[in-house]
Amino acid sequence: MGTLTLAELQDEFLRNTGNRSDLTQARQTRILNLAQERLARLNDFEEMQVTTTTNWAYTGVPATDMFLPLPDSSPFIREIHSVMLKDGLETRKLRRILPRLWDKTIGDATALASKQHPVWYTIWDFNLAQAEAYPLPHKAFSVQWRITQWPTPLVNAGDKSRFRFKDELLIELATIYLFDQLGKEDESAKHQKKFGALFREALSTDSEDPDVEVPSGLEQVGSNVMNPWNDNYHLNPFVKRMP
């Protein structure tokens, strides 16, 4: 999360532009939100990663049960990284397929009688806030989503940007936007240079994951040790080739 509130961002943005008297608070807010959008388009920063859970109710009506509700943040979903159907020992990952393949192989899921643990899902319109799933569920499920999202707009004076320690970048992008609109190319170029240096710093800190381990041939998951070089390598779904 950012350090500065919306009111503080507005103050710094105004100072960056020379305290322009024609720059209202409402316009400052609009430009700062546009700066958030532009920064998000430049890079999918790790602080935009979200893990959230939804409840998938069971009604027994196929035309209703075939739809898997997306998280509340669905209009701001950028990428879905995984969808996990939570059911104790039967927990499993749902697999997404493209709508064209869905229409070709499944078509109308309500016309198919199979009801069990869903395996597949597809999404066409994020604004509908729901996906289609198959097989149809036979009971209610809890669903875990790992997603990255677009930044939510800053509205209230106390709001802080979801971008972590990137307030300077938002201020510089907002300043660039304003000077470009005013035709002040020299001023815009000066701030573009400053933004470039700040953006490179942000990228360098975003890409470090010192706690990530690279799997070796002998991998332990829970109490089970999986060795892809033993005689039963073909039984391990994580082995992609012969030893």
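Parameters at a glance
- Residues numbered from 1 in each chain as written.
- Predicted model: local features only at pLDDT ≥ 70, side-chain atom pairs only at ≥ 80, totals over all residues.
- Heavy atoms only, no water.
- Pairing = 2+ DSSP bridges.
- Helix = DSSP H or I, 4+ residues; strand = E, 2+ residues; numbered from the N terminus.
- Axes fitted to C-alpha atoms, helices over the stretch in contact; angles between N-to-C directions.
- Phe/Tyr/Trp six-rings, centres within 6.5 Å; stacked < 30°, edge-to-face > 60°.
- Buried < 20%, exposed > 50% of the residue type's maximum accessible area, 1.4 Å probe, protein only.
- Lys NZ or Arg CZ within 6 Å of the ring centre and 35° of its normal.

**Q** I keep staring at the sheet that holds strand β4 (residues 92-96) and nothing clicks. Help me out?
**A** In any sheet, the strands associate via hydrogen bonds between backbone groups, in a parallel or an antiparallel arrangement. Within the open sheet, the 7 strands sit side by side as β1-β7-β3-β4-β5-β6-β2. Their pairing is mixed. Across the chains shown, the open sheet's two edge strands, defined by having one partner strand only, are β1 (49-56) and β2 (67-69). Strand-to-strand twist of the sheet, defined as the mean angle between neighbouring strand axes without regard to direction, takes the value 35°. Examined bridge by bridge, β1 and strand β7 (residues 141-149) share 8 bridges and lie antiparallel to one another. Residue pairing in the sheet places V50 in a bridge with I147 of β7.

**Q** Looking at this structure, how should I read the packing of aromatic side chains?
**A** Two aromatic rings are characterised by how far apart their centres lie and by the angle between their planes. Under the counting rule described, the total for this entry stands at 4 aromatic pairs. The interplanar angle of 90° and the centroid separation of 6.1 Å between the aromatic rings of F45 and F163 together place this pair among those described as edge-to-face. With F45 in the loop between α2 (25-42) and β1 and F163 in the loop between β7 and α5 (167-182), this residue pair connects regions lying 118 residues apart in the sequence. Take F45: its relative accessible area is 1%, and that puts it in the buried class. With a centroid separation of 6.4 Å and an interplanar angle of 45°, the aromatic rings of W56 and F141 are classed as tilted. With W56 in strand β1 and F141 in strand β7, this residue pair connects regions lying 85 residues apart in the sequence. In this structure, W56 and F141 share a single accessibility class: buried. Here the aromatic residues F45, F163, F195 and F199 are joined through ring pairs into a cluster of three or more. One Lys or Arg, K166, reaches over the ring of F45 and ends 4.4 Å from the middle of that ring.

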